[in-house]
Amino acid sequence: MKNRITRFLLTSLIGVALLCVCVFTFFAIHMGNQSAATINQVGTLYMSSMSQQTSVHFESIIGIQMSQLRALVGTIPSDIIHSDQGLQQQLMAQAKARDFAYLGFYGNDGSFEMLYGSQLTVTDPEPFLDSLRKDQQKVAIGTNARGEKVVLLGMPSPHPSTPEHDCAALVAGLPVSYISSNLSLEENNERAYSFIIRRDGSFVIRSNDAYRNNYFERVRVLYEDVNGITADEYLEELEAAMVRGVDYSNEFTMGGERYHLYCTRLPYSEWYLITFLPYGSMDSIVTGFSHEWSSLTILSGTIILTALLLVFYKYYGLTRQQLQEVEEARQAAEAAQKEAEHANRAKSEFLSNMSHDIRTPMNAIVGMTAIAIANLKDPQQVHNCLKKITLSSKHLLGLINDVLDMSKIESGKMTLNMDQVSLREVTDGIVAICQPQVKAKRQQFDVFIHDISTENVLCDSVRLNQVLINLLSNAIKFTPEGGEIHMALYEEPSPKGDNFVRIHIEVKDTGIGMSRDFQKHIFDSFAREDSARVYRTEGTGLGMAITKYIVVDAMGGTIEMDSEQGKGTRFCVTLDLEKAQVMEEDMILPSWNMLVVDDDRLLCETTVAALNSIGISADWTLDGESAVDMVIKRHNRGDDYQIILLDWKLPGMDGIATARSIRRELGDKVPILLISAYDWGEIEGKAKEAGITGFIAKPLFKSTLFNSLRQFTEPLQVGEKPPEKKGPDLRGRRVLVAEDNELNWEIASELLSAEGLELTWAENGQTCVEMFEQSPVGYFEAILMDIRMPIMGGYEATQVIRTLERPDRDLPIIAMTADAFAEDVKRSLDCGMNAHIAKPIDVQEVLRLLDKYLK
Amino acid sequence: MTLKECYAALNGDYEEAMGRLRSERLVQKFVLKFLDDGSFDLLCRSMEAGDQPEAFRAAHTIKGVCANMAFSALLESSSQLTELLRAGDMGDQAQELFQRVKADYAKTAQAIQAFREEAGG
């Protein structure tokens, strides 16, 4: 394509250039010829007029002299004889006065009788005499006694001069120089020169450099070229013109120079005036003009060629640019396609990888459900399990929301849902979710709360949870069995001002760590270290990308990490959070004395500080043995501890053994609470047996302590009674159910009929529309609509129903489908449905929504 | 074989099903009915015929039924297949998943069959 265009352009360019050259060359040559012809023409014109002028001039000069002479002849009386001395004297005086050099009578026999001047001879007497005899005035050339040439003017005069001679004419003589100077035959500015010849070619008055007596001879010798013909032919032409008495014009070259010749006959004589004009000057003018013309031609040719070149170049450039643009567009399209393919692949990968993050809380739910079912007779245990299930479910919900909103995160449109968040609740939730996994891997899990005075902050709890879950589940995942995982929270004043608090969250493990290379990519999407060690660990590879996005981009915090392969990893998240403007509950308890027993000094100290802040004074110790000693000591003083907090895992004597010892010493009076980060379900029996009053869960926030200890302010604490949830009363409501699958219909029918709803089944969207149309107005109060149905889907059916001409066309329609992505929900609503429920069917949710829309 | 064992055999979640349907009688009723459901046949036919919209709808229905019945294994594979078919993918990956769905369905059907026979048909 490109080459073809280039070739076409080049070919046409060369073609046009050649055409230009040809046309302009033709013009140049043609104009050259034309100018030569023009010179010739101009020369002829000029020469003819010049010759005419000379000829007229000659005529007038001769005419004047003739009339002078005629006047002389007039003075001669007819009867006088020439020998009359007086007359002769008179004639002489008059002739001299008229500047004649010679004067004489010319006889019929050709003899001169001079009145004055030396004796003259006529060079060619025949024609002269002939004319005079015929009574014609005539000019001729003669010679004087010294052989000098003299111009003779003959005026016929019938008077006899001498008795013995008949007098033919009175002849006056003038020097030749008189004629030639008067006619300016010699000195001529334009280098033109003239001479006079007779018909036979002999010179009458010759040019300066002509030494031959005959012009024709001179021509034969000197002339090189007579306009393409030979000298003889030229002479023939010339003589023929002379005989015919017409003017003759021609060109020839002599001595390397071009001349123009013009021949014309002179009056009063048998003479011919020949004028030469060298072309030199005119030639140079015309040649100059011709040159100028040529240069102009060449210049204009060049200009046109240049313009053409420019146009072609521009066009070529444009074509190339177009080609380039096409190429660019093609590449862009290719890139877009690649990107789309990549996105598609990433999406599939993402969907199939997603299981991990969902499994973490799901496992908690499944496990807790199993435990609850196994312990149906123990309401405390079931309550405990249900609480954890609730927490995990909430997290799972949040996570699924995240998956649905993944596109938002990817396109940077994720926004935070700021709300009041209790750090304690968040931490409790996280710990509860992680515990089953920690337990399954027999890892040691500790949570430390240092000096958290601001428990309530403004934050997006779902996102914060997500961050913590990601960090912790990674720690659990990548730490081998029996390893340690620490989570710590502490706060410090925020540089953002008094209304803010800076929270540090540290998650540390003794796991496999990360290679240096991978640490660079940890926050990329779908990043997972590719090595045999982590091959079996499942996950989406999205966790850290989302975490980083939430912490850094959305919340404006920082996330730091250091890791060493084989040693472990530490993540530290720092967030500046706004303090929630809530009335903190006035957490004050009676001024008890308490004992805190934990092998971690830091935990002891922070717990004691927290207890102090709620009005309790406390002692602490690091092991069971000393704790027993201290209790006994106080007991002996009669100043017993009111409440004892015991860690379960202690070096040496563990919490349960310690409790047993204390009970032995003090009896059952003092409440002993076991501190544990773990689910205490399985040790509960043993603990109760050893005399443990209750449990307190790590992390020990101020509010955790307050809430756990408050029950002991009253002697008898009644467990929190959950309010009896009474479902909405929907008995007798008629609902149309569009569902193509019989099994699903039966399940829905079974479950909802039990709640007193009257259901009617439509097998697809079309039937649903028909049944609704045929029903009396207001008969069906709501429609539960499946989306994917044969013949007519739920979206279309809804749209049809919404456009029916019925007053009840806007009855509640609730989508009930296995599609649960955000866009499905949106599409349902866009189609005019009121709400969207995902399968599996959740009776309570269906009832709640029906109740809501049936009001 | 008890209903619970049947659920274990087909990798389902008995507790979830019980939680939803509330009585063993109902669970048993629907489990037995599951074999009569034509969606799987429709899926097989559509996959062979390369009919993507029908295959998608059938997979979608299976997903919905399994969600209601808490047949976890079949639910997961059919859900994945549904998503691929939703995206219009009938390629190797979809075929692979379809084989998984087939295997899960076979396992489910086998468990139910065994249960039915023991329950006295």
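These numbers come from a predicted model, not from an experiment.

Comments concerning the overall build of chain B
Moving on, step 1. When its secondary structure is counted, chain B shows seven helices and zero strands.
Moving on, step 2. The linear arrangement of helices and strands in chain B, starting from the amino end, is α-α-α-α-α-α-α.
Moving on, step 3. In chain B, which comprises 121 residues, the share counted as buried stands at 45%.

A look at the sheet that holds strand S26 (residues 782-785) of chain A
All names here are of chain A.
Moving on, step 1. Pairing is parallel across the open sheet formed by five strands, whose spatial order is S25-S24-S26-S27-S28. For this open sheet the edge positions go to strand S25 (758-762) and strand S28 (835-838), each flanked by a neighbour on one side alone. Adjacent strand axes in the sheet meet at a mean angle of 25°, parallel and antiparallel pairs treated alike.
Moving on, step 2. Sheet topology note: the strand S24 (residues 734-738)/S26 ladder contains four bridges and is parallel. Across the sheet, Leu736 pairs through a bridge with Ile783, a residue of S26.

A short note on the confidence of the model for chain A
Predicted coordinates in regions of low pLDDT should not be interpreted in detail.
Residue and element names in this part refer to chain A.
Moving on, step 1. Chain-level pLDDT for chain A is 80 on average; 86% of the residues reach the 70-or-more range.
Moving on, step 2. Scored below 50 in pLDDT, residues 531-540 makes 15 contacts in the model with residues more than four places away or belonging to other chains.
Moving on, step 3. When the criterion is pLDDT under 50, residues 716-725 qualifies, and its contacts beyond four places in sequence or with other chains add up to one contact.

Some thoughts on helix H11 (residues 423-440) of chain A
Residue and element names in this part refer to chain A.
Moving on, step 1. Counted at 1.5 Å a residue, the expected span for H11 with its 18 residues is 26 Å, and the 26 Å between its end C-alpha atoms agrees.
Moving on, step 2. Summarising burial for H11: 14 of the 18 residues are buried, a large majority.
Moving on, step 3. Two residues or fewer after H11 comes Arg442, characterised by a positive phi angle close to 50°.

What about the interface of chain B and chain A?
Moving on, step 1. Facing 21 residues of chain B, the contacting portion of chain A comprises 21 residues.
Moving on, step 2. Of all the elements in the fold, those that place two or more residues in the side of chain B that touches chain A are helix H2 (14-21), helix H3 (24-34), helix H5 (52-69) and helix H6 (72-86) of chain B.
Moving on, step 3. A per-element tally of the side of chain B that touches chain A places H5 of chain B first, with eight residues.
Moving on, step 4. Of the residues assigned to the side of chain B that touches chain A, the class counts are seven nonpolar, seven polar and seven charged.

A look at the environment of Asp740 of chain A
Moving on, step 1. Inspection of the secondary structure assignment puts Asp740 of chain A in the loop between S24 and helix H20 (742-753).
Moving on, step 2. Apart from the residues lying within four places of it in its own chain, the contact partners of Asp740 of chain A are Glu763, Asn764, Asp786, Met789 and Pro790 of chain A together with Thr61 of chain B.

With respect to the environment of Glu270 of chain A
Residues and elements named next belong to chain A.
Moving on, step 1. Looking at the secondary structure, you find Glu270 in the loop between strand S10 (257-265) and strand S11 (271-278).
Moving on, step 2. Sequence-wise, Glu270 and Met242 are 28 residues apart; in three dimensions their C-alpha atoms are separated by 9.9 Å.
Moving on, step 3. Ignoring anything within four residues of it in the chain, the contact list for Glu270 reads Pro127, Arg198 and Arg199.

Focus on unusual backbone geometry
Residue and element names in this part refer to chain A.
Moving on, step 1. The backbone phi angle of Tyr268 is positive, close to 65°, even though this residue is not glycine.
Moving on, step 2. Within the secondary structure, Tyr268 is located in the loop between S10 and S11.
Moving on, step 3. Residue classification places Tyr268 among the buried residues on the basis of 20 C-beta atoms within 10 Å.
Moving on, step 4. In this model, Arg442 sits at a positive phi of 50°, which is unusual for a non-glycine residue.
Moving on, step 5. When you line up the elements, Arg442 lands in the loop between H11 and strand S13 (444-450).
Moving on, step 6. The exposed category is assigned to Arg442, around which 10 C-beta atoms lie within 10 Å.

Remarks on the environment of Leu277 of chain A
All names here are of chain A.
Moving on, step 1. Looking at the element boundaries, Leu277 is found in strand S11.
Moving on, step 2. Between the C-alpha atoms of Leu277 and Ala192, which are 85 residues apart in sequence, the distance is 4.4 Å.
Moving on, step 3. When residues no more than four places from it in sequence are discounted, the contact partners of Leu277 are Gly43, Met47, Ala192, Tyr259 and His260.

Notes on the pairing of strand S20 (residues 617-621) of chain A
Residue and element names in this part refer to chain A.
Moving on, step 1. Sheet topology places strand S19 (residues 593-597) next to S20; five bridges connect them, and they run parallel. Counted as the bridge partner of Val597 is Thr621 from S20.
Moving on, step 2. Considered for its hand, the β-α-β crossover made up of S19, helix H15 (residues 601-613) and S20 is right-handed.

Topic: the nonpolar core
Inside soluble globular proteins, nonpolar side chains tend to come together where they are buried.
Moving on, step 1. Membership of the largest hydrophobic core comes to 89 residues, with the highest contact counts inside it found for Leu468, Leu472, Met594, Leu595, Ile644, Leu645 and Leu646 of chain A.
Moving on, step 2. Residue-level mapping places this core at the junction of two domains, with at least three residues from each of domain 2 (357-579) and domain 3 (593-713) of chain A.
Moving on, step 3. When neighbours within four sequence positions are excluded, Leu472 of chain A is seen to be in contact with Ile430, Cys434, Met487 and Val507 of chain A.
Moving on, step 4. Leu743 and Ile841 of chain A together with Phe34 and Ile62 of chain B belong to the second-largest nonpolar core, a separate cluster that totals 71 residues.

What to know about the pairing of S19 of chain A
Residue and element names in this part refer to chain A.
Moving on, step 1. The element S19 is largely enclosed, with a buried count of four among its five residues.
Moving on, step 2. Bridging between S19 and strand S21 (residues 643-647) involves four bridges; their strand directions are parallel. Across the sheet, the residue bridging to Met594 is Ile643, located in S21.

Re the sheet that holds S21 of chain A
Neighbouring strands of a sheet are bound in pairs by backbone hydrogen bonds; such pairs are parallel or else antiparallel.
Residue and element names in this part refer to chain A.
Moving on, step 1. Pairing is parallel in the open sheet, where five strands are placed in the order S20-S19-S21-S22-S23. On the outer flanks of this sheet lie S20 and strand S23 (694-697), each paired with one strand and no other. Between one strand axis and the next, the sheet turns by 25° as a mean value, whatever way the strands run.
Moving on, step 2. Where helix H17 (residues 655-666) meets the sheet, it contacts S19, S21 and strand S22 (672-676), and its direction lies at approximately 150° from that of S21.

Definitions and cut-offs
- Residues numbered from 1 in each chain as written.
- Chains lettered and ligands numbered in written order.
- Predicted model: local features only at pLDDT ≥ 70, side-chain atom pairs only at ≥ 80, totals over all residues.
- Helix = DSSP H or I, 4+ residues; strand = E, 2+ residues; numbered from the N terminus.
- Buried ≥ 20, exposed ≤ 12 C-beta atoms within 10 Å, placed from the backbone.
- Pairing = 2+ DSSP bridges.
- Axes fitted to C-alpha atoms, helices over the stretch in contact; angles between N-to-C directions.
- pLDDT = per-residue confidence, 0-100.
- Contact = placed C-beta atoms within 7 Å.
- Expected span 1.5 Å × (residues − 1).
- Nonpolar A, V, L, I, M, F, W, Y, C, P; charged D, E, K, R; others polar.
- Right-handed = clockwise from strand over helix to strand, strands pointing away.
- Core = buried A, V, L, I, M, F, W, Y, C linked by C-beta atoms within 7 Å.
- Domains from an automatic or database assignment.

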